[in-house]
Amino acid sequence: VSTQSTGGGLVAGGLSQTPTYITTLNKDLVKAEVKKQLEVFKTEGVDLMICEYYEHVEEAEWHVEAVKEFMPGVPVCVSLCINETSDVHGVPTGECGVKLARAGADVVGINCHFDPFRCLAATKEMVAAVKKAGFDKVHFMIQPLGYMTPDASVQGFIDLPEFPFALEPRVCTRFEMMRYAREAYDAGIRFIGGCCGFEPYHIRALSEELSKERGGYMPVGAVNYGKFLEKHTKPWVRARASKEYWQTLKPGTGRPYSASLSRSDQWGVTAGHELVKQHEEETTKEELESGLAFKKQIMKEAI
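A brief report on the enclosed structure follows. (Residues numbered from 1 in each chain as written. Predicted model: local features only at pLDDT ≥ 70, side-chain atom pairs only at ≥ 80, totals over all residues. Heavy atoms only, no water.)

Some remarks on the overall build of the protein chain
Helix and strand counts for the protein chain come out as 10 helices and 6 strands. In terms of overall size, the protein chain behaves like a compact globule, its C-alpha atoms giving a radius of gyration of 21 Å where 303 residues would be expected to give roughly 19 Å. Expressed as lengths along the three principal axes of its C-alpha atoms, the size of the protein chain is roughly 65 × 55 × 40 Å. For the protein chain, the accessible surface area stands at approximately 16,700 Å², while carbon and sulfur atoms represent 53% of it. Here the protein chain contributes 35 positive and 41 negative side-chain charges, whose respective centroids are spaced 9 Å apart. (Helix = DSSP H or I, 4+ residues; strand = E, 2+ residues; numbered from the N terminus. Rg over C-alpha atoms; globule rule 2.2 N^0.38 Å. Areas by Shrake-Rupley, 256 points an atom, 1.4 Å probe, with all protein chains shown as cover. Lys, Arg positive; Asp, Glu negative; His and termini not counted. Charge placed at Lys NZ, Arg CZ, Asp CG, Glu CD.)

Next up, the structure:
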C-alpha cells in the first residue's frame, strides 16, 4: 500500500511473535530477525508500526526496542494476546503493560485470543498499572476476537475444541459489540478495533456506537437499535425496535444438545518446551506421534 495514496488515512507496518523466540529464547537472534522485517517498512516510510499478537511480554519488549532502534521517531503500538491475569509465562497483565511502556511503546494493549469483554478486562489492568507507574503519555488499544470465550484458558480460543473450524456458534452480536465499544471508550481506550472473527457489521457497530465521539459520522447501513423495525408488519417484531430490547437480549444458540461452555485443552507448553520448537521442514510422523502421546498423558492425568 502506498503511503501517498490513502486519502488521508495512515499506513501501518506490522510485526508479530516469531518462531525464533519460542525456539531459541535468544534476544540477539530475535532482534536481528525483526530488523530484517523492518527494512521494507523503513524504506516505504510507514506512518506507524503495530506490533501485535504476543503471548510472551519479553518478546514484545524486544520487538519494541528493535523498532525504536531501527526506525527512530516512528510511533509504536504493541498488544499482547493474553488474558486478564498474566502472559503465558506468568507475568501479571498490568505489569506487562508497564514493561511495554518502559520499552518505549507509545500505545499498549490487548488483541486476539479472547472475547471483547475479557480483552477489555485485561486492557483495564494495563491502563491502571501503566498510569500508576507514571507513564502519562502512553495510550491504549484493544482488538479482541469476534467470538465469546468465557471458557478459554491461558492461551485463549486456540485451546477450545471448536478452534479453528467450528467457532461460528460463539460469534458476538452487533449489540454486544456496541456495548464493548462503549465500555472501551469509557475506560480511556482510544484505539478500538477487532481481530479474528470480526465481520464488517461488527466494525460498523463500533463506529455506530461511537458516532458522537467521532464527530457525528454515522456509517452506511447503521441499524440504530432496530428503529426501522417500527414499520414491520408483525406487532411483536415492532416491539423489538428499542435499544433496551437488543441490549438485554440473551440470544439462544438453536442447538438443544450443545453445552454452553467447552473444556479447554491445557497442555501447559510454551516457549522453551520441546513440543513448540519450530523448524522449516515438514512436521514428521514421529513429532505428530509425540504430540498425541503428550495429549493422552494430559487427559489421563485429568481423570
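Digging into helix α7 (residues 200-209)
By the burial criterion, the buried members of α7 are His-202, Ala-205, Leu-206, Ser-207, Glu-208 and Glu-209. Contacts made by the buried residues of α7 are with α6 (174-186) and β6 (191-192). (Buried < 20%, exposed > 50% of the residue type's maximum accessible area, 1.4 Å probe, protein only. Contact = heavy atoms within 4.5 Å.)

Concerning the environment of Phe-70
Relative to the helices and strands, Phe-70 is located in helix α3 (residues 57-70). Here the alpha-carbon distance between Phe-70 and Arg-204, two residues 134 residues apart in the chain, equals 36 Å. Not counting chain neighbours up to four residues away, the residues in contact with Phe-70 comprise Lys-35, Leu-38, Glu-39 and Lys-42.

What to know about the packing of aromatic side chains
Two aromatic rings, taken as a pair, are described by how far apart their centres are and by the angle between their planes. Throughout the structure, instances matching the rule amount to 6 aromatic pairs. Ring plane angle 25 degrees and centroid distance 6.3 Å describe the contact between Tyr-147 and Phe-157, whose orientation is recorded as stacked. Residue Tyr-147 is found in the loop between β5 (139-143) and α6, and its partner Phe-157 is found in the loop between β5 and α6; the two are separated by 10 residues along the sequence. Taking the centre distance of 5.1 Å and the plane angle of 15 degrees together, the rings of Phe-175 and Trp-246 count as stacked. Here the residue Phe-175 occupies a position in helix α6, and Trp-246 occupies one in helix α9 (residues 243-248), the gap between them amounting to 71 residues. Over the face of the ring belonging to Phe-117 we find Arg-179, whose NZ or CZ atom lies 4.0 Å from the ring centre. When the ring centre of Tyr-185 is taken as origin, the NZ or CZ atom of Arg-190, which lies over that ring, is 3.6 Å away. (Phe/Tyr/Trp six-rings, centres within 6.5 Å; stacked < 30°, edge-to-face > 60°. Lys NZ or Arg CZ within 6 Å of the ring centre and 35° of its normal.)

Comments concerning the packing of helix α5 (residues 116-132) against α6
Axis separation between α5 and α6 bottoms out at 10 Å; the angle between their running directions is 10 degrees. Classed by the angle they form, the pair α5 and α6 counts as roughly parallel. Residue-level inspection shows Pro-116, Phe-117 and Leu-120 of α5 in contact with α6, the latter providing Glu-176, Met-177, Arg-179, Tyr-180, Glu-183 and Ala-184. Among the residues forming the contact of α5 with α6, the class breakdown is 6 nonpolar, no polar and 3 charged. (Axes fitted to C-alpha atoms, helices over the stretch in contact; angles between N-to-C directions. Parallel < 35°, antiparallel > 145°, perpendicular 65-115°, else oblique. Nonpolar A, V, L, I, M, F, W, Y, C, P; charged D, E, K, R; others polar.)

What to know about the layout of surface pockets
Quantified by volume, the second largest pocket comes out at close to 790 Å³. Around the second largest pocket sit 26 residues that line it, and Met-148, Pro-169, Arg-170, Pro-251 and Thr-253 are the ones nearest its centre. Contributions of two or more residues to the lining of the second largest pocket are made by α6 and α9. Counted by class, the lining of the second largest pocket contains 11 nonpolar, 8 polar and 7 charged residues. (1 Å grid on protein atoms, 1.4 Å probe; cavity = no way out; pocket = protein on both sides within 12 Å on 5 of 7 lines; lining within 4 Å. Points joined across faces, edges and corners; volume = space filled by probe spheres on them.)

Re the pattern of salt bridges
Using the criterion set out here, one finds 13 salt bridges in the structure. The shortest N-O distance in the salt bridge between Lys-27 and Glu-65 comes to 3.1 Å. Remark: Glu-65 occurs in helix α3 and Lys-27 occurs in helix α2 (residues 27-44); sequence separation between them is 38 residues. For Lys-27, a relative accessible area of 34% gives the class partly exposed. Between Arg-182 and Glu-209 there is a salt bridge; the shortest N-O distance is 2.9 Å. Residue Arg-182 is found in helix α6, and its partner Glu-209 is found in helix α7; the two are separated by 27 residues along the sequence. Assessed through its relative accessible area of 22%, Arg-182 is described here as partly exposed. Connected through salt bridges with shared partners, the residues Lys-27, Lys-31, Lys-35, Glu-65 and Glu-69 form a single ionic network. (Salt bridge = Lys/Arg side-chain N within 4 Å of Asp/Glu carboxyl O.)

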